[in-house]
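# An overview of the molecular structure
Listed here are the chains, written in short residue letters.
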Amino acid sequence: MGSKENVLIICSQNSARSQMAEGFMKHYGNKWFTVYSAGFEPAPVNPLAVRVMSEVGIDISEQSSKSVREYLGKMSFGHVIAVCKKAEQQCPVIFPSALKILSWPFDDPADFTGDEEERLQEFRRVRHEIETKVIGWLAERSGEQAEQSSLGMNGKNPTGLKRVLFLCTHNSARSQMAENLMNTMLGDLYEAHSAGIEPGKINPYVVRALAELDLDISGNQPKGVESFSGQEFDYVVTVCDKAGEICPIFPGAKRMIHHSFDDPSKFDGTDEEIMAQVRVVRDHIRRWLVQTFPC
């Protein structure tokens, strides 16, 4: 893109869903978009929304609730995104000049009743749905731009996907998550594989953590790095320090990247405590992939 495109995210009160969507859109798409949010009946930003966003490293505590009136007739938007049914119904009427109007209706976590922990879980569920939608939309937009760029250069569709190989010690956890998350989120642009220096067994907690995102890796078998000997990759990524030390150079790699993530095999505690730590690594990998790999 040249100049940034304005994006407005709207919902009823601009207190939770649109605030979280604004936070994720700024976090992942700041290079391409200037992001705003607003509501029809503004209410204070929900503290539980602030809390669950801070859990994934995004601070929305300084964001404020705003009325759609602040933008009517004053700004133009490439996209207006409605994240609730009420906004979806009124959006075409009040923003007829928007180039595109999108409907992303999410459940309102503020409507959920229960104790504080139960309400937090509902906010986390909606947060995850919003993050997944934002990541998918950004990847889709990037794929469209790449195709248009290729068509402009030679009149043909892209010849193929960029190949990525993730390496770690056992190919049992971090590299497995990176491979499957990339193929799911960025599969229109990248073809991901993974391998280990000393292949082991798939970590069952990682299987469970990815199953929470509807990714089934229960049948995956760890592979040795020699399985890819002689193959070319646009990127070879080492996701643990040992792999980084052993593979400072990978023949056939156009570019080497090293980023070490915490090792799930080292986690201890109760079953739920270990799962919570694995989820943190999983979500760290998701965010790092979108922030690191060019579209």
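Before reading further, recall that the structure is shown in the block above.
Our subject in this report is the structure included herewith. Only a predicted model underlies this, so the values are computations on that prediction, with no experimental measurement involved. (Residues numbered from 1 in each chain as written. Predicted model: local features only at pLDDT ≥ 70, side-chain atom pairs only at ≥ 80, totals over all residues. Heavy atoms only, no water.)

### A closer look at the overall build of the chain
Summing up its helical and strand segments, the chain has 8 helices and 8 strands in all. Sequence-distant contacts, at least 24 apart, represent 71% of the contacts inside the chain between residues at least 6 apart. (Helix = DSSP H or I, 4+ residues; strand = E, 2+ residues; numbered from the N terminus. Contact = heavy atoms within 4.5 Å.)

### Overview of the sheet that holds strand E6 (residues 190-196)
Strand pairing in a sheet takes place through backbone hydrogen bonds and is either antiparallel or parallel in direction. Taken together, 4 strands build an open sheet; the order of strands is E6-E5-E7-E8 and the sheet is parallel. What marks the edges here is a single partner per strand, and that holds for E6 and strand E8 (256-258). Adjacent strand axes in the sheet meet at a mean angle of 20°, parallel and antiparallel pairs treated alike. Examined bridge by bridge, strand E5 (residues 162-168) and strand E7 (residues 235-238) share 4 bridges and lie parallel to one another. In the sheet register, valine 164 faces E7, and the bridge partner there is tyrosine 235. (Pairing = 2+ DSSP bridges. Axes fitted to C-alpha atoms, helices over the stretch in contact; angles between N-to-C directions.)

### A word on unusual backbone geometry
Among all residues except glycine, the phi angle is most often negative; among peptide bonds, the trans geometry is most common. The phi dihedral of asparagine 171 is positive, around 55°, even though this residue is not glycine. Along the chain, the position of asparagine 171 falls in the loop between E5 and helix H5 (174-185). For asparagine 171, a relative accessible area of 0% translates into the label buried. Positive phi values are uncommon outside glycine, yet aspartate 214 reaches one of about 65°. (Buried < 20%, exposed > 50% of the residue type's maximum accessible area, 1.4 Å probe, protein only.)

### Looking at the packing of H5 against helix H8 (residues 271-292)
Here H5 crosses H8 at 50°, and the two axes come no closer than 10 Å. Regarding the angle of H5 to H8, the classification is oblique. Both H5 and H8 take part in a crossing whose hand is right-handed. Residues Arg174, Met177, Ala178, Leu181, Met182 and Met185 of H5 touch H8, and the partners they reach there are Val281, Arg282, Ile285, Arg286, Leu289 and Val290. For the contact of H5 with H8, the class distribution of residues is 9 nonpolar, no polar and 3 charged. (Parallel < 35°, antiparallel > 145°, perpendicular 65-115°, else oblique. Left-handed = near helix turned anticlockwise from the far one by under 90°. Nonpolar A, V, L, I, M, F, W, Y, C, P; charged D, E, K, R; others polar.)

### Section: the pairing of strand E2 (residues 33-39)
Extensive coverage of E2 is indicated by the burial of 5 of its 7 residues. Examined bridge by bridge, strand E1 (residues 5-11) and E2 share 7 bridges and lie parallel to one another. Opposite valine 7, over in E2, you have valine 35 as the bridge partner. Between the parallel elements E1 and E2, the chain passes through helix H1 (residues 17-29) in a crossover that is right-handed. (Right-handed = clockwise from strand over helix to strand, strands pointing away.)

### Some thoughts on H5
For H5, with 12 residues, the first-to-last C-alpha span of 16 Å sits near the 16 Å given by 1.5 Å per residue. Along H5, 10 of the 12 residues are buried, which leaves the element largely enclosed by surrounding structure. (Expected span 1.5 Å × (residues − 1).)

### Considerations on the pattern of salt bridges
Using the criterion set out here, one finds 19 salt bridges in the structure. The partner of glutamate 22 in a salt bridge is lysine 26, and the shortest N-O contact between them spans 2.6 Å. Here the residue glutamate 22 and the residue lysine 26 both occupy positions in helix H1, the gap between them amounting to 4 residues, near one helical turn. Here lysine 26 falls in the partly exposed class, since its relative accessible area comes to 34%. Of the charged contacts, one joins glutamate 212 and arginine 279 as a salt bridge, the two residues approaching to 2.8 Å between their closest N and O atoms. One end of the pair, glutamate 212, is in the loop between helix H6 (204-211) and E7; the other, arginine 279, is in helix H8, and 67 residues separate them in sequence. Ionic contacts of the salt-bridge type, sharing partners, join the residues Glu131, Glu212, Glu272, Arg279, Arg282, Asp283 and Arg286 into one network. (Salt bridge = Lys/Arg side-chain N within 4 Å of Asp/Glu carboxyl O.)

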